[in-house]
Amino acid sequence: QVQLVESGGGLVQAGGSLRLSCAASGISFSIRAMGWYRQAPGKQRELVATITSTGTTNYVDSVKGRFIISRDNAKSTLYLQMNSLKPEDTAVYYCNAGRLSYPAGYYYNWGQGTQVTVSS
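The structure presented is a predicted model; accordingly, all values stated were derived computationally and were not measured.

## Remarks on the nonpolar core
In a soluble, globular protein the nonpolar side chains are often hidden away together inside. Formed by 32 residues in total, the largest nonpolar core has its most connected members in Trp-36, Val-48, Phe-67, Leu-78, Leu-80, Met-82 and Tyr-93. Every element with two or more residues in this core is listed here: strand 3 (18-25), strand 4 (34-39), strand 5 (46-51), strand 7 (67-72), strand 8 (77-82), strand 9 (91-97) and strand 10 (114-119). Filtering out sequence-adjacent residues up to four positions away, Leu-78 remains in contact with Leu-20, Ser-21, Cys-22, Phe-29, Met-34, Gly-35, Trp-36, Ile-51, Ile-69, Ser-70, Arg-71 and Cys-95.

Here it is in structure tokens:
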């Protein structure tokens, strides 16, 4: 079955960096567009960034220039390098199928996510 396992979150001061990883299994990872999503306390889950199978990336305006999404198809792993973190980046981060039409479309079962907390 499909399994998405996120890791790499933690507590960091504003201006710091974190690198998130998402290990995928049970899917043809190399041919799938993938994405990172986040859900802040009391808010709905939102799309953060997507990457196509060929490496084309898209970012929500609030993270452009600070976050970098990448993938290693040989390892079936998705990454999110987060730099210049801000308190408003605090959220649980998830990976899933990457769709600019989110929330429309099909998604795999969501993993447990990884908590990112940015202190001011």
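## Comments concerning the sheet that holds strand 3
The four strands are arranged 1-3-8-7 in an open sheet whose pairing can be described as antiparallel. Since the sheet does not close on itself, it has two edges, and those belong to strand 1 (3-7) and strand 7, each with one partner. Each adjacent strand pair in this sheet contributes to an overall mean axis angle of 15°, direction not counted. With six bridges joining them, strand 3 and strand 8 adopt antiparallel strand pairing. Bridge pairing in strand 8 places Leu-20 opposite Leu-80.

## Details of the pattern of salt bridges
The full count for this structure, using the stated rule, is four salt bridges. A salt bridge links Asp-89 to Arg-66; the nearest nitrogen and oxygen atoms lie 2.7 Å apart. Here Asp-89 is found in the loop between strand 8 and strand 9, whereas its partner Arg-66 is found in the loop between strand 6 (57-59) and strand 7, with 23 residues between them in sequence. Given a relative accessible area of 1%, Asp-89 falls into the buried group. Residue Arg-66 is classed as buried on the basis of its relative accessible area, which comes to 10%. Salt bridges sharing partners connect three or more residues here, namely Arg-38, Glu-46, Arg-66 and Asp-89.

The rules behind the values
Residues numbered from 1 in each chain as written. Predicted model: local features only at pLDDT ≥ 70, side-chain atom pairs only at ≥ 80, totals over all residues. Heavy atoms only, no water. Core = buried A, V, L, I, M, F, W, Y, C linked by side-chain atoms within 4.5 Å. Buried < 20%, exposed > 50% of the residue type's maximum accessible area, 1.4 Å probe, protein only. Helix = DSSP H or I, 4+ residues; strand = E, 2+ residues; numbered from the N terminus. Contact = heavy atoms within 4.5 Å. Pairing = 2+ DSSP bridges. Axes fitted to C-alpha atoms, helices over the stretch in contact; angles between N-to-C directions. Salt bridge = Lys/Arg side-chain N within 4 Å of Asp/Glu carboxyl O.

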